[in-house]
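# Report on the structure
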Amino acid sequence: MPSGAFAVSRLVNPAGATPELTEEQVWKGLELKERSPQLFVPVLKACEVLTEEDNKLTRKVTGIFGPPGTPESSIVEEVESHKPAVVYFESGNGGMRVTNVLSYGLDGELILTYSWVNGVPGFPDINAVPRSEVNARTGVAVQSTIDAIRKMVVEGKL
C-alpha cells in the first residue's frame, strides 16, 4: 500500500497569464471538480455522485489510480468542501486523503495547493523519489486544474 505525504502549490495567476482568475472563478471550478473530476484530471474517466448533503458528497470515480499501465478501476470518495478555501477528498483507495486549498500569498497572489496523505498517486514509495521529481509530476495535477478553469472562463462556462 502506498504511503507518505506531499504537498505542491502553483500560482493561479503567474506573470502573463490571461485572463486573471478571481477567487470566485477558481472556487466555482473546484466545485465543478467535485462532481466532474474528469474535466480536470485526464486519468479519470467518469464520476457518479451517489449522495449529497450540505457541503458533503459521496462519489464513485472511475479511472486509472496508479502508475502508467495500471488497469482502470473505480473508487468511492467522500468529498467535503469549505467555501472558499478547502476541499477534502477521502478515498476508499487505501485511505488516501487529498486536500485542495485555495489561499493567498504574502503579496495577495492566489495560490492553489494540493496535498496527499497516505500515499501519492503514481508513487508506490514517495520517499524513494527525489522531491524535485515529485514536485514536477504532482504539480501537473495542480496546473492542469488551473489551466482547465482558465479555459472554462474564456469559453464562458464558469
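Residues numbered from 1 in each chain as written. Predicted model: local features only at pLDDT ≥ 70, side-chain atom pairs only at ≥ 80, totals over all residues. Heavy atoms only, no water.

## Here's the deal with the confidence of the model for the protein chain
- Scored by pLDDT, the protein chain comes out at a mean of 92, with 96% of its residues at no less than 70.
- No element of the protein chain has a lower mean pLDDT than helix H2 (residues 131-154), which averages 93, and none a higher one than helix H1 (residues 23-35), which averages 97. (pLDDT = per-residue confidence, 0-100. Helix = DSSP H or I, 4+ residues; strand = E, 2+ residues; numbered from the N terminus.)

## What to know about the packing of aromatic side chains
- Considering all chains together, one arrives at 1 aromatic pair under this definition.
- The interplanar angle of 75° and the centroid separation of 6.2 Å between the aromatic rings of Tyr114 and Trp116 together place this pair among those described as edge-to-face.
- The ring of Tyr88 carries the charged tip of Arg97 above its face, separated from the ring centre by 4.1 Å. (Phe/Tyr/Trp six-rings, centres within 6.5 Å; stacked < 30°, edge-to-face > 60°. Lys NZ or Arg CZ within 6 Å of the ring centre and 35° of its normal.)

## Digging into the environment of Val43
- Position of Val43 relative to the elements: it lies in the loop between H1 and strand S2 (44-53).
- In this structure, the C-alpha to C-alpha distance between Val43 and Asn118, residues 75 residues apart in sequence, is 20 Å.
- Excluding anything up to four places from it in sequence, Val43 contacts Gly63 and Ile64. (Contact = heavy atoms within 4.5 Å.)

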